[in-house]
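Chain and residue survey
As a plain string of letters, each chain reads:
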Amino acid sequence: MSVGCAGLLRSAHGRRRGRTDGRRFLLRRAVPGYLGSARARLERARLAAGLRKVPPRPPWAGYVHVHVKMDLVYGLVWLLTVLLEGISGQGVYAPPTVRIVHSGLACNIEEERYSERVYTIREGETLELTCLVTGHPRPQIRWTKTAGSASDRFQDSSVFNETLRITNIQRHQGGRYYCKAENGLGSPAIKSIRVDVYYLDDPVVTVHQSIGEAKEQFYYERTVFLRCVANSNPPVRYSWRRGQEVLLQGSDKGVEIYEPFFTQGETKILKLKNLRPQDYANYSCIASVRNVCNIPDKMVSFRLSNKTASPSIKLLVDDPIVVNPGEAVTLVCVTTGGEPAPTLTWVRSFGTLPEKTVLNGGTLTIPAITSEDAGTYSCIANNNVGNPAKKSTNIIVRALKKGRFWITPDPYHKDDNIQIGREVKISCQVEAVPSEELTFSWFKNGRPLRSSERMVITQTDPDVSPGTTNLDIIDLKFTDFGTYTCVASLKGGGISDISIDVNISSSTDPPAVEPAFLEIRQGQDRSVTMSCRVLRAYPIRVLTYEWRLGNKLLRTGQFDSQEYTEYPVKSLSNENYGVYNCSIINEAGAGRCSFLVTGKAYAPEFYYDTYNPVWQNRHRVYSYSLQWTQMNPDAVDRIVAYRLGIRQAGQQRWWEQEIKINGNIQKGELITYNLTELIKPEAYEVRLTPLTKFGEGDSTIRVIKYSAPVNPHLREFHCGFEDGNICLFTQDDTDNFDWTKQSTATRNTKYTPNTGPNADRSGSKEGFYMYIETSRPRLEGEKARLLSPVFSIAPKNPYGPTNTAYCFSFFYHMYGQHIGVLNVYLRLKGQTTIENPLWSSSGNKGQRWNEAHVNIYPITSFQLIFEGIRGPGIEGDIAIDDVSIAEGECAKQDLTTKNSVDGAVGILVHLWLFPVIVLISILSPRR
């Protein structure tokens, strides 16, 4: 048994919180940086103010009871607290709150613009939005876009994650994004941010000509319009050049520049009136968005000559083309005119061209054509002069598909069954291409059928129901029962026939019932009633039922006019728990309702909003404040205890003990239990099972990881990347791509195999770590850089050594045949352009986590930088976890490198504590 587990079982102490009925309150020992919700702060202020005081408990209890007289000020504080806590009546259950923070590659972020947040990003960059939530039970998160589901616009796996990440964002993905958090309490919490995607497409110049005849003259005026179009956001600005000459409105009488009214600034037209010899030249259109988001200007040129003409083409194929599946089809398109020389493009009327299509200039070939390749194919010639020329042909692929049948009357309807002496109609329908070649044949038990007086074969009008044939059986006899086959074929052969078999016989339908299964949880000595309802059955006149508990017959009977049967249990006991089956029977079979009646308690719900759960922080061990509420505590018998199981992550053995519970647990009541003597920085799996006099209830499991608070002069920092803000680490804006927060349980199902971790450093599938994704479009040598918070060094001892030593350690995972390089740098305060190398490693290290230790000797504030460099292929993911900085040099056996650099470590100060202490000092009575 490990030291951590032994200490846990010896010194853990449980308690409950959440009552305001005048009982004793328990005040936790002061822990630096301990904060909670607004209500928790009011409770601590009330206790610190001296609401009650009782004799102290033994030191091992870890608490102090306070009891003093109440004066007017303290009475008002107490009254205000009770009112606030009594408003909800839900204990620690709290509706969700939500806040959106952003990272990634933004051009600009406007926090307020007409009461909305706007996030501007360049097309092709990475959008990353994080939804930070609080509330209990833990809220479920869903991202949506423009009041609709966002799953059709980005990966499904990111829709329900806290972080929404869209790599290579496209223009259609701009819009308003909503983060919705809900946990069943109150209204869902919703926050939104508008994403504006900036882009500039290559401009396109098209030429249009007009020829007007002058009155009573024998010459023509020829006018040419050069139209420049570019899609962009924000709106584009255009400029024109003729050769090297910049053309402006009014600079040349033969030139007019204007924007058509209907284009809203998307188009700029250069009009050349009554063409002159100097107008035959090179023209350039420059499109610009003023370098927003570093988008460069783009230019397109066109050569205008006296031979400029629109295109014309000709198709050298028949229309339509009828072929069998598997044949090769070749379409030939040639140009017959146009200057400049037109480009030829083949398109399909619906969808894209088949992947197997072979294009060679104007020739299109489809080898081994299939029915899916059928449709209209068009050849388009375009040289940006006038309108494109277009010629089309239709390819028809002969096929038979989607055969179906139906029977009149419908034998599957309980009130309309096949009966001897009635007329029965069998209809058979097939989709055929081309439909005019379709023929039908009918068979009974494999023998051909011909139309007769009692068996009439007809074909439905193609305009009413195309591809349909009917077989009418007049005055159905017993000898007509059998298997009827409808065979569809195409004239000329070459296509496989379709056969549809229909069985005509007398039919029955066993009962269909509900519920098929229902779980009922109820405590002992309480009543329960089970009900089984008949949905449909044929015949309905012979229906009986029987109730059983296991194999024991409880009751039988027969239905009269009712549609359900019930079985009550007036007082539950151990003998009454189990699986109850109600069987409803007719001559066709039986339908069954099953009820599981149990006294098992529901699973507890862990509370994740505990502020700073690490409440005792010593050199090698830590204590964790585990908190939870009980789901539906009144549904079953009183919970008398919880069975607590704990094991170090990655190990097999569970250590268990019971936590006794006195009195009834209220809905929303927060229960706290301190886990002590946990070994740093190990993670633990915790399993909690409620116990009643019935026995064990449903269990729930969570993972706890050590994460030291960032407080002044704590002498230690630890980050397991479990919290939403990843311990204040940030992405470097100067790198090529970003580090990603990941866990094995939430990673994309399309992840690259043979690289990356299969669990976090502690062995947990649910634990998080940071890693670089090296799949495409990443290239060899690209870098991702992760920056730590800025650390301040602890105050120097004037009589001690000049520099304080710190041990910097972390876990790294480098598995894959294309692993690149992982570097760690130290950046000192005031030296933003100088980075001192601390540690480096490269190449495949195997499917395991490795630990690195480095001594640093700080003289000023500093940052740590993790730099991952992509290797030669996609199997090169690098991960890091459990980053630690502790005062004192590393143990000699732990050191992995002799490199050391002067730096500094420190932790942020909670400045808000000072005014709170001053206020309490003023209100406290003088002794």
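Residues numbered from 1 in each chain as written. Predicted model: local features only at pLDDT ≥ 70, side-chain atom pairs only at ≥ 80, totals over all residues. Heavy atoms only, no water.

**Looking at the sheet that holds strand β25 (residues 343–348)**
- An order of β23-β29-β28-β25 is seen for the 4 strands of this open sheet, with the pairing classed as mixed. The sheet is open, and its two edges are formed by β23 (321–323) and β25, each paired on a single side. Within the sheet, the average angular offset between the axes of one strand and its neighbour, ignoring direction, is 25°.
- When β23 meets strand β29 (residues 389–397), the two strands line up parallel, connected through 3 bridges. (Pairing = 2+ DSSP bridges. Helix = DSSP H or I, 4+ residues; strand = E, 2+ residues; numbered from the N terminus. Axes fitted to C-alpha atoms, helices over the stretch in contact; angles between N-to-C directions.)

**Focus on the environment of K425**
- Inspection of the secondary structure puts K425 in strand β31 (residues 424–433).
- The partly exposed category is assigned to K425, whose relative accessible area is 31%.
- Put simply, K425 and V456 are 31 residues apart on the chain and 9.4 Å apart in space, counted from C-alpha to C-alpha.
- In this structure K425 touches W406, I407, T408, N470, L471 and D472, once residues within four positions along its chain are discounted. (Buried < 20%, exposed > 50% of the residue type's maximum accessible area, 1.4 Å probe, protein only. Contact = heavy atoms within 4.5 Å.)

**As for the sheet that holds strand β60 (residues 821–828)**
- Pairing is antiparallel across the open sheet formed by 5 strands, whose spatial order is β55-β58-β63-β60-β61. Two strands lie at the open edges of the sheet, namely β55 (730–731) and β61 (836–842), each paired on one side alone.
- Judged from the 5 bridges that link them, strand β58 (residues 783–787) and strand β63 (residues 862–869) form a sheet pairing that is antiparallel. Bridge assignment links A784 to a residue of β63, and that residue is G868.

**Concerning the environment of W406**
- Relative to the assigned elements, W406 resides in strand β30 (residues 399–408).
- As for W406 and C428, which are separated by 22 residues in sequence, their C-alpha atoms are 6.9 Å apart.
- Ignoring anything within four residues of it in the chain, the contact list for W406 reads K425, I426, S427, Q429 and T468.

**What about the state of the cysteines?**
- If you walk through the whole model with that rule in mind, you get 7 disulfides.
- Each sulfur in the disulfide pair C131 and C179 lies 1.8 Å from the other. The disulfide joining C131 to C179 has a torsion of about -90° about its S-S bond and is therefore left-handed. Residue C131 is located in strand β7 (residues 127–136), and its partner C179 is located in strand β11 (residues 175–182); the two are separated by 48 residues in the primary sequence.
- Using a relative accessible area of 0% as the deciding quantity, one classes C131 as buried.
- The partner cysteine of C719 in its disulfide is C727, sulfur to sulfur 2.1 Å. Between C719 and C727, the S-S torsion sits near 90°, and that sign places the bridge as right-handed. (Disulfide = S-S within 2.5 Å.)

**Overview of the packing of aromatic side chains**
- Taken as a whole, this structure holds 16 aromatic pairs when the rule is applied.
- Aromatic side chains Y577 and F694 sit 4.8 Å apart centroid to centroid with 75° between the ring planes, which places their arrangement in the edge-to-face category. Of this pair, Y577 sits in the loop between β43 (564–569) and β44 (578–586) while F694 sits in the loop between β52 (684–691) and β53 (700–704), and the two are 117 residues apart along the sequence.
- Within the aromatic cluster, the residues linked to one another by ring pairs are F808, F810, Y812, W839 and F866.
- Sitting over the face of the ring of Y93, K667 holds its NZ or CZ atom 5.2 Å from the ring centroid. (Phe/Tyr/Trp six-rings, centres within 6.5 Å; stacked < 30°, edge-to-face > 60°. Lys NZ or Arg CZ within 6 Å of the ring centre and 35° of its normal.)

**Looking at the pattern of salt bridges**
- Across all of its chains, the model carries 37 salt bridges by this definition.
- A salt bridge links D202 to K298; its shortest N-O distance comes to 3.6 Å. With a gap of 96 residues between them, D202 in the loop between β12 (189–200) and β13 (204–213) and K298 in strand β21 (residues 298–303) connect regions that are remote in the sequence.
- Using a relative accessible area of 25% as the deciding quantity, one classes K298 as partly exposed.
- Note that R548 and E546 form a salt bridge whose closest N and O atoms lie 3.2 Å from each other.
- Shared partners join several salt bridges into a network, and the residues in it are E682, K705, E722, D760, R761, D881 and D882. (Salt bridge = Lys/Arg side-chain N within 4 Å of Asp/Glu carboxyl O.)

**What about the environment of R592?**
- For R592, the position within the fold is in strand β45 (residues 589–598).
- Its relative accessible area of 52% is what places R592 among the exposed residues.
- As a C-alpha pair, R592 and Y545 span 47 residues in sequence and 9.5 Å in three-dimensional space.
- Discounting chain neighbours no more than four positions away, the residues touching R592 are V513, P515, A516, N581, C582 and S583.

**Regarding the confidence of the model for the protein chain**
- Averaged over the protein chain, the pLDDT score is 79; the fraction of residues at 70 or greater is 77%.
- Note that pLDDT drops below 50 for residues 81–89; the model gives that stretch 10 contacts with residues more than four away or on any other chain. (pLDDT = per-residue confidence, 0-100.)

**Thoughts on the layout of surface pockets**
- Space inside the second largest pocket adds up to approximately 600 Å³.
- The wall of the second largest pocket is formed by 25 residues, among which H619, R620, H853, A886 and D894 lie closest to the centre.
- Where the lining of the second largest pocket is concerned, the elements lending two or more residues are β54 (716–719), β59 (806–814), β62 (850–856) and β64 (878–887).
- Among the elements that make up the lining of the second largest pocket, the one with the highest residue count is β64 (5 residues).
- Taken together, the residues of the lining of the second largest pocket break down into 10 nonpolar, 7 polar and 8 charged. (1 Å grid on protein atoms, 1.4 Å probe; cavity = no way out; pocket = protein on both sides within 12 Å on 5 of 7 lines; lining within 4 Å. Points joined across faces, edges and corners; volume = space filled by probe spheres on them. Nonpolar A, V, L, I, M, F, W, Y, C, P; charged D, E, K, R; others polar.)

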